[in-house]
Amino acid sequence: MESKGFIVNVFDIKTGLSTYEDTSYVRITSKDYNLLIMLDYIPIIGELQGKVDIMTNKGEEIHFENIVASYMNSNNVFNLMIQGEINE
């Protein structure tokens, strides 16, 4: 069966590299904007302060809250580089 999702790579100093395949969407909720990244989304690069929610086509939900991170999406591969946590 062919995959209908995209790949998400999460780089974090504490946990290392995590890869999620067959992802349906990534929701970015930053202090200044919100994005919903799905299959075949435009190439994009940016920074965020907020949270990221990842949903796989198998129903698995992954959440990263109160983070400072950089991200890049290109050719159905989304890379999230977590730099740290928001200090409140």
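Details of the structure are given in the entry above.
These remarks concern the structure in this document. Computed from a prediction, not measured in an experiment: that's the story for all the values here.

## Observations regarding the nonpolar core
Inference 1: With 20 residues, the main nonpolar core has V26, I28, I54, F64, F78 and L80 as its most contacted residues.
Inference 2: Sorting elements by how many residues they give to this core places strand β5 (residues 61-74) first, with five residues.
Inference 3: Once residues lying within four places of it in the same chain are set aside, the contact partners of L80 are N9, V10, F11, L48, V52, F64, I67, A69, S70 and Y71.

## Structural notes on the side chain of D53
Inference 1: Considering the arrangement of structural elements, one finds D53 in strand β4 (residues 44-56).
Inference 2: Among buried charged residues, D53 stands out as having no salt bridge; its nearest opposite-charge side chain is K51, 4.0 Å away.
Inference 3: Side-chain polar atoms of D53 contact the side chain of H63, separated by 2.6 Å.
Inference 4: Residues in contact with D53, not counting those within four places in the same chain, are Y25, V26, R27, I62 and H63.

## So, the pairing of β4
Inference 1: Here strand β2 (residues 16-30) runs beside β4; their pairing, made up of seven bridges, is antiparallel. Looking at β4, one finds that T23 is bridged to T56.
Inference 2: The turn joining β4 and β5, which pair antiparallel and follow one another in sequence, is formed by four residues; a positive phi near 90° is taken by G59.

## Regarding the pairing of strand β3 (residues 34-38)
Inference 1: Of the two faces of β3, only the one carrying L35 and I37 is buried; N34, L36 and M38 on the other face are not.
Inference 2: In this antiparallel pair of consecutive strands, β2 and β3, the connection spans three residues.

The rules behind each value
Numbers given to residues run from 1 along each chain, matching the order in which its sequence is written. Confidence filtering applies because this is a predicted model: local features only for residues at pLDDT of at least 70, side-chain atom pairs given and counted only at 80 or more, and all residues used for totals across whole chains, interfaces and linings. Side-chain measures here rest on the full set of heavy atoms in the structure, leaving out hydrogens and waters. Among buried residues, the Ala, Val, Leu, Ile, Met, Phe, Trp, Tyr and Cys ones that are joined through side-chain atoms within 4.5 Å form a nonpolar core. Using a 1.4 Å probe on the protein chains alone, a residue whose accessible area is under 20% of its type maximum counts as buried, one over 50% counts as exposed, and one in between counts as partly exposed. What counts as a helix is a DSSP run of H or I of at least four residues, what counts as a strand is a run of E of at least two, and both are numbered from the N terminus. What makes two residues a contact is simply this: any of their non-hydrogen atoms within 4.5 Å. The positive count covers Lys and Arg only, the negative count covers Asp and Glu only, and His and the chain ends enter neither. In what follows, salt bridge is the name for a side-chain nitrogen of Lys or Arg lying within 4 Å of a carboxyl oxygen of Asp or Glu. Polar contact is defined as a pair of N or O atoms within 3.5 Å, subject to the rule that within protein one atom must be able to donate a hydrogen and the other to accept it, and that residues adjacent in sequence are counted only when both atoms are side-chain atoms. Strand pairing is defined by DSSP finding a minimum of two bridges between the two strands.

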